[in-house]
Every structure is written in structure tokens, then in C-alpha cells.
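# Examination of the molecular architecture
Here is how the chains run, residue by residue.
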Amino acid sequence: MSGENSSADDVQRVWDVVVVGAGPAGASAAYAAAVAGRRVLLLEKAELPRYKTCGGGIIGPSRDALPPGFELPFRDRVHAVTFSNNGRFTRTRRSKQMLFGLINRPEFDQQLVEHAQKAGAELRTGVTVQRVEQHGSAVPDRRTVAVVLQGGETVLARAVVGADGSASRIGAHVGVKLDQVDLGLEAEIPVPETVAEDWKGRVLIDWGPMPGSYGWVFPKGDTLTVGVISARGEGAATKRYLEDFIARLGLAGFEPALSSGHLTRCRAEDSPLSRGRVLVCGDAAGLLEPWTREGISFALRSGRLAGEWAVRIAEAHDAVDTRRQALNYAFAIKAGLGVEMAVGKRLLTVFEKRPGLFHAALTGFRPAWRAFRDITRGSTSLGEIVRSHPLAQRALTAMDRGQTAPAEESVSS
């Protein structure tokens, strides 16, 4: 839709749904709306494929949220997890069945966008959205949202989905409030075959030296993705943790092909998910698991819901109906992802104070390892475990109160 007249054409044309951002959340939203037979435009400021700082772990809930027929481009399949507590007390747990798969984000994201296009969504890349307007001269009527692009072009829509990442302009329009901001640092390290072989099928999770921090090694063929995450404001300490972590693993001699950083942002519980005919999902809505900061499954699941509800908002004839559909979207998010986030938040609070307790549980207490395994494989969720297991409820309540298990002493002392 490029060319001399694209601006004039777009003013006449009103899209049912415009999705801003073509990551997993945006591509899922575009797919869901296009599958429903709507006219969908997907806008992305970068050219695809593009790199994204991300471990690239695809857990069960992510797999279950993918479009039918989606072939995951796995670089490795994980059957074992090595846990360490700041480099010490290392222990490996194994599973006969695959725990989760590892992907490279550029390939994965590109494939998701292609599925949205096959479903009928139209893609425009290299387009930066400056703002959205729901009132004023750019908006012809109350059923329309104006998406204003850099350069002044305006695209009109009946509904807009903001999936433009953690520094979201659409999120700012909606008024998203953030509760927790973390800094993730990552290095993509090409390694010789002998080193790659040692990591095949196994990841490492290391509980870090700063409260709430941890590090990871994810093998992807001839490259290891090595990263750490910690609360924002600890930039120098986080960088030092990554350097120490890489050195401790014996990987300091290998030159990273890429080093990057990224802020993850977690929503406050009362943060809005919509404003008028505009919905937000994924990172733009601050949706991720607060303890692990896992975001792909939250992006895919919230994106799909946003796409489905954007279709209903596009069909809404007045403000009352629009509001009703937006509230239903918020309810759907909170009933599923919100419950998981609330449990994750409680776990993070305990983990910040007592990483040794978590290490002891995952490496020495079979039910804890089983829960970890079942969550990553997608046969249950954090919310489900707490809801249906009295032992898990009691353990979480005890941890909330600051009680500790005796097993902790053997690991953290």
C-alpha cells in the first residue's frame, strides 16, 4: 500500500482493526482478528526479521496459544535444568519428556507475522506510530480511531490494538501504570562444537547475588544465549553479574556475536487495559510473569484475546457497547493471566528475600520440581497449582509470612 496516493487512499479506507507492533502479541492479535474475517492492518516500525533481547524459551502455554499448523523453529529441546545459587550448590534435574523448546526470536516472530498475513492481515513495516486520537479533527466520527504516523499520514480504524512493546506509545495513551521494572542483559555467544555438545538439551538457571536476580544459559545449536535480569537501578551490579557469570561458566574467552539490554515492565494491578476503542496487550500492557519475567506466553495469550475483543469493539455502535466489550476483555485477561501474575508477584517477594529456599525446594523437594516441570510443559499453571493444591497454598502463605523451611539452611548457609 505504498505509493503516491497511499495517504489519500487510507483516509477513505477505515480498517476494522489496526494493530501497532508485530512482535508475538501484535502478530497474535492480527491473526485472531483476521481469522474472524476482518480487515486488519499490522504496523511495525522495524524491518522484519529483527532481533529482540529474549532468552527464547517456549513453554507449554506459549505452544498452546500458537495458530493451528504453526511449526515451531526449535533450535534445541530442553530435557534437563541445572540450578545453581550464585554459582554454588549446582544440581541438575532431568525429565523424560521435553520441558520446553528454545527458539531464535527473529525466526519465530517472522513466522507468526506470516501466519497473520496468510489469515488475511496486511503488513506495513518501517512505519512509526506517533499517537492515536479518538477525538478531534482527524476523527470523522465516534466509531473511529485515528492512528497518526510519523510524517503526518493518518490511518483510520474501528479498533486499535497496542502491542508496541514495553516503551509503548499506545500504552501511554491508555494510561498503563507500571509496578515493577527490571533490566535484562544478554549475550549471544558462538561456541565450538565441543562446548555446544556439553549444553545440548540442558539449560542453566542461576539465582543471582542481587535481590530478585537470576541468570540463564539457553543453548541454541552453535550459540549459547547467556543472560541475567535484576531490578532496574542496579545497572552496574547487573553488568558485573553477567560478566562474572560468563567467566564462571568458562565462556569469557569466546567473543559474543551480540550483546544487548532490555527493560521489562510489569503492570500495576489496577492498571487499565483499554481506553475507548483502544486495547493494549503483551509488553505494552505490562503483562508478564513477575518472578521469572517470562513474557512470550503472556504476549501470545493476551494478543489473541485482544484480537478477538478488538473485533467486537470494531462492531460496537456506541460508547456503551464499546465500554462493555473493553471491560469483558479486561475481565478475560485478569481471570487468566492476572491470577498467574498475582501468584508470581508473591513468589518474587519471597524469592527476593530467600533465593536459597527456592534453590533447596527445586533441587531437593520433589513436588516443587514436579510443579516447575508441569508449568513449563503447560499441563498446569501457577494459578492452578495454588488453587488446587492445599500444600502449595500453605507453603505460599508460610512464605508470605517469612517462615522458612529447614531445607533452606543446607543450601544457603
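Residues numbered from 1 in each chain as written. Predicted model: local features only at pLDDT ≥ 70, side-chain atom pairs only at ≥ 80, totals over all residues. Heavy atoms only, no water.

### Things to note about the UniProt feature "domain: FAD-binding" (unreviewed entry) in the protein chain
Within this structure's numbering, the places UniProt gives as "domain: FAD-binding" (unreviewed entry) are residues 16-297. In residues 16-297, the share of helix is 21% and the share of strand is 37%. The end C-alpha atoms are 26 Å apart. (UniProt positions renumbered as here; feature names shortened; annotations may be inferred. Helix = DSSP H or I, 4+ residues; strand = E, 2+ residues; numbered from the N terminus.)

### A closer look at the sheet that holds strand β13 (residues 202-207)
Here 7 strands make up an open sheet; going across it, the order is β6-β5-β13-β14-β15-β12-β16 and the pairing mixed. Bordering the open sheet on either side are β6 (88-94) and β16 (258-267), each of which pairs with just one other strand. On average, adjacent strands in this sheet sit at an angle of 20° to one another, irrespective of strand direction. Inspection of the sheet shows strand β5 (residues 80-85) paired to β6 by 5 bridges, in the antiparallel sense. In the strand pairing of β6, A80 is matched with R94. In the packing of helix α7 (residues 235-248) onto the sheet, the strands contacted are β12 (178-190), β13, β14 (214-220) and β15 (223-231), and the crossing angle to β15 comes to about 145°. Of the strands in this sheet, β5, β6 and β13 are in contact with helix α11 (residues 366-377), which crosses β5 at around 125°. (Pairing = 2+ DSSP bridges. Axes fitted to C-alpha atoms, helices over the stretch in contact; angles between N-to-C directions. Contact = heavy atoms within 4.5 Å.)

### Some thoughts on the side chain of E133
Mapped onto the fold, E133 is located in strand β9 (residues 129-133). Classification of E133 by relative accessible area gives buried; the value is 19%. At a separation of 2.7 Å, a polar atom in the side chain of E133 contacts the side chain of R131. Excluding its chain neighbours within four sequence positions, the residues that come into contact with E133 are A138, V139, V145, A146 and V148. (Buried < 20%, exposed > 50% of the residue type's maximum accessible area, 1.4 Å probe, protein only. Polar contact = N/O pair within 3.5 Å; in protein donor to acceptor, adjacent residues only side chain to side chain.)

### Section: the confidence of the model for the protein chain
Averaged over every residue, the pLDDT of the protein chain is 92; residues scoring 70 or more account for 94%. Here residues 1-11 is a poorly scored stretch, pLDDT under 50, and it has 16 contacts once near neighbours within four places are set aside; other chains count. Low confidence marks residues 403-413, where pLDDT is under 50. Its contacts with residues over four positions away, or in another chain, come to 19 contacts. (pLDDT = per-residue confidence, 0-100.)

### Comments concerning the sheet that holds strand β7 (residues 100-102)
Across the sheet, which stays open at both edges, the 3 strands sit in the order β3-β7-β4 with antiparallel pairing between neighbours. Strands with a single pairing partner mark the edges of an open sheet, and in this sheet they are β3 (57-58) and β4 (76-78). In this sheet, β7 lies alongside β3 in antiparallel orientation, the contact comprising 2 bridges. Among the inter-strand pairings, I58 is bridged to a residue of β7, identified as G101.

### Comments concerning the pairing of β13
Burial of β13 is extensive: 6 of the 6 residues sit out of reach of the surface. Here β13 shows two buried faces, one formed by R202, L204 and D206 and the other by V203, I205 and W207. Where β5 lies against β13, 6 bridges are found, and the strand directions are parallel. Bridging across to β13, A80 finds its partner in R202. Taken together, the 4 bridges between β13 and β14 define a ladder with antiparallel strand orientation. Bridged to I205 within β14 is W216. From the end of β13 to the start of β14, which pair antiparallel, there are 6 residues, and G212 there has a positive phi angle of about 80°.

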